[in-house]
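What the coordinates show
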Amino acid sequence: MTKILMIMPVPLPDEALKGFAAQIPPEMIPAGMTIDFTGVRNGTTLLDSLYEGTLADAFCLEAGLSAEAQGYDAVCINTMSDSGLHALRSRLTIPVVGTGRSSFFLAAELGRKFSVITMWPEWYWLYEKLAKDTGLGDRLASIRDIGVRPDTQELLAGKEDFVFAALEEQCLKAVHEDGADVLILGSTTMHQSAGYLQSRLPVPLINPGLLAFKQCELLLDLKLAQSKRAWPAPKTPNDDVLRHVPKIFG
């Protein structure tokens, strides 16, 4: 049995976790594989700032600290923020995949320029950070948004009529006005729009959460994980520091 842990950077009830789990079609999950989705215990609400980004780093780290000991074969940070990615790559020896990094690198492989289409301007810092971290800033044609506050629990449910059309409009502007050859959905909270948009766009659209899952699967198939030379393990890990922080959400 192969087990993958998917970590979302906000506290979530079980019903909301089901919404995130729906980003991976059942027919794409190999026999003998289990995928568990979890939110963090504390920290963030919407990742609307660098402040919340720092909290998300800490509590995504906490959420994944015991993954290897619990028998997971890989961890995926199921958010474009890649919250806690580098710390978990340092702490664990199993593969740890970042949704944002995976999306940027694939977009650069599929085209000359790519754009990110997102919900609101408060998330621009995520993509600017990713562009710097990946070294792909010169390949990022634009970031566009539809000015709609995201909902980490209901996702896009009930907003399809307005949101899907608005996203399509910004996607087409990114292609025809900004020169994007490839588009990336700016959040795993937007996965419900992927099929609609992919059928209407003249360029590839990356559904980030699904891609990150397939990246986990690929690394497991190839028996590869992050280099410990690049992400060395801590000499004196102190995992209890975060575990002893009282739960204040939910």
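Only a predicted model underlies this, so the values are computations on that prediction, with no experimental measurement involved. (Residues numbered from 1 in each chain as written. Predicted model: local features only at pLDDT ≥ 70, side-chain atom pairs only at ≥ 80, totals over all residues. Heavy atoms only, no water.)

**Let's talk about the pairing of strand β6 (residues 140–145)**
Put simply, side chains in a regular strand alternate between the two faces of the sheet. Worth spelling out the cut-off: With a 1.4 Å probe rolled over the protein chains alone, any residue whose accessible area is under 20% of its type maximum counts as buried; one over 50% counts as exposed, and the rest are partly exposed. Only DSSP runs of H or I covering at least 4 residues are called helices, and only runs of E covering at least 2 are called strands; the numbering of each starts at the N terminus. Criterion used throughout: strands pair if DSSP finds at least two bridges between them. When the strands point away from the viewer and the path from the first strand over the helix to the second turns clockwise, the crossover is right-handed.
Extensive coverage of β6 is indicated by the burial of five of its six residues. As paired elements, strand β5 (residues 114–118) and β6 share five bridges and run parallel to each other. Note that in β6 the partner of V116 across the bridge is I143. Viewed along the sheet, the connection from β5 through helix α5 (residues 124–134) into β6 turns out right-handed.

**What about the confidence of the model for the protein?**
In plain terms, the rule: In predicted models, pLDDT denotes the confidence assigned by the predictor to each residue on a 0 to 100 scale.
Of all residues in the protein, 99% attain a pLDDT of 70 or more, and the chain-wide mean is 96. Of all the helices and strands in the protein, helix α9 (residues 240–243) carries the lowest mean pLDDT, 84, while β5 carries the highest, 99.

**Overview of the sheet that holds strand β3 (residues 74–77)**
Sheet strands line up and pair through hydrogen bonds in the backbone, either parallel or antiparallel. Heads up, the rule is: For helices, the axis comes from a line fit to the C-alpha atoms of the stretch in contact; other axes are also lines fit to C-alpha atoms, and the angle between any two N-to-C directions lies between 0 and 180 degrees.
If you trace the four strands from one edge of the open sheet to the other, you get β2-β1-β3-β4, paired in parallel fashion. Either end of the sheet is taken by a strand with one partner, and the two such strands are β2 (33–38) and β4 (96–98). The mean inter-strand angle of the sheet, taken between neighbouring strand axes irrespective of direction, is 20°. With four bridges joining them, strand β1 (residues 2–7) and β3 adopt parallel strand pairing. Bridging from a neighbouring strand, L5 pairs with V75 of β3.

**Section: the nonpolar core**
Test applied: Nonpolar cores were defined as sets of buried Ala, Val, Leu, Ile, Met, Phe, Trp, Tyr and Cys residues, with membership established by side-chain atoms within 4.5 Å. Contacts: residue pairs with any heavy atoms within 4.5 Å of one another.
Counting residues in each nonpolar core, the largest one holds 44 residues, and the members touching the most others are F104, F114, M119, Y127, L183 and I184. Elements supplying a minimum of two residues to this core: α4 (99–110), β5, α5, β6, α6 (160–176), β7 (182–185), α7 (194–198) and β8 (205–206). The element that contributes the greatest number of residues to this core is α6, accounting for seven residues. Apart from the residues lying within four places of it in its own chain, the contact partners of F104 are M80, F114, V116, Y127, L130, A131, T134, L136 and I184. Among the nonpolar cores identified, the runner-up in size contains 21 residues, and M6, V97, A212 and F213 belong to it.

**Observations regarding helix α1 (residues 14–21)**
Test applied: When we speak of the arc, we mean the arc of directions from the helix axis to the C-beta atoms.
Every buried residue of α1 is accounted for by A16, L17, G19 and F20. What you see down the axis of α1 is that its buried residues fit within an arc of 155°, all on one side. Every exposed residue of α1 that faces more than 90 degrees away from the buried side is listed here: D14, E15 and K18. Where α1 is buried, its residues touch β2.

**A look at the pattern of salt bridges**
Quick note on the threshold: Put simply, a salt bridge is a Lys or Arg side-chain nitrogen that is within 4 Å of an Asp or Glu carboxyl oxygen.
Per the stated rule, a full pass over the model turns up ten salt bridges. The salt bridge involving D178 is made with R144; its shortest N-O contact spans 2.7 Å. Residue D178 is located in the loop between α6 and β7, and its partner R144 is located in strand β6; the two are separated by 34 residues in the primary sequence. Salt bridges linked by common partners bring R144, E177 and D178 together as one network.

**Re empty space enclosed by the protein**
As a reminder, the rule being used: Here a cavity denotes a set of grid points, spaced 1 Å apart and computed over the protein atoms alone, in which a 1.4 Å probe fits but from which it cannot get out, and a pocket denotes an open set meeting protein on both sides within 12 Å along at least five of seven lines; residues with an atom within 4 Å of a point are reported as lining. Grid points are joined across faces, edges and corners, and a volume is the space filled by probe spheres set on the points. Side-chain classes follow a simple rule in which Ala, Val, Leu, Ile, Met, Phe, Trp, Tyr, Cys and Pro form the nonpolar group, Asp, Glu, Lys and Arg form the charged group, and the remainder, Gly included, forms the polar group.
One pass over the structure, following the stated rule, counts two cavities of 30 Å³ or more. Space inside the largest cavity adds up to approximately 150 Å³. In this structure, the largest cavity is lined by 17 residues; those nearest its centre are P9, L47, T79, W123 and S187. When the residues that make up the lining of the largest cavity are grouped by side-chain class, the tally is eight nonpolar, nine polar and no charged.

**Looking at the packing of α4 against helix α8 (residues 208–222)**
Packed helix pairs are characterised by how far apart their axes lie and by the angle those axes make with each other. Quick note on the threshold: Here is the rule for angles: anything less than 35 degrees is roughly parallel, anything more than 145 is roughly antiparallel, 65 through 115 is roughly perpendicular, and the remaining ranges are oblique.
Put simply, α4 and α8 touch, their axes get as near as 9 Å, and they point 95° apart. One way to sum up the angle between α4 and α8 is to call them roughly perpendicular. Along its contact with α4, which presents T99, S102, S103 and L106, the element α8 presents P208, G209, L211, A212 and Q215.

**Focus: a nonpolar patch on the surface**
What counts is decided by this rule: Patch building starts from residues that exceed 30% relative accessible area and form no salt bridge, then joins like charges within 9 Å and nonpolar side chains (Val, Leu, Ile, Met, Phe, Trp, Tyr) within 5 Å. Surface exposure here means Shrake-Rupley accessible area, sampled with a 1.4 Å probe, where a residue is shielded only by the protein chains that are shown.
Side chains of L218, L222 and L224 sit close together on the surface and give an oily, nonpolar patch of about 280 Å² of accessible area. Position of L222 relative to the elements: it lies in helix α8.

**What about the environment of P25?**
Inspection of the secondary structure assignment puts P25 in the loop between α1 and β2. With a relative accessible area of 21%, P25 lands in the partly exposed category.

**Description of the environment of T134**
Spelled out, the test is: What qualifies as a polar contact is a pair of N or O atoms within 3.5 Å, subject to a donor-acceptor requirement within protein and to the restriction that residues adjacent in sequence count only when both atoms come from side chains.
By the secondary structure assignment, T134 is in helix α5. With 33 residues separating them in the primary sequence, T134 and R101 have C-alpha atoms 6.8 Å apart. Apart from the residues lying within four places of it in its own chain, the contact partners of T134 are R101, F104 and F105. In this structure the side chain of T134 is engaged in a polar contact, spanning 2.8 Å, whose partner is the backbone oxygen of L130.

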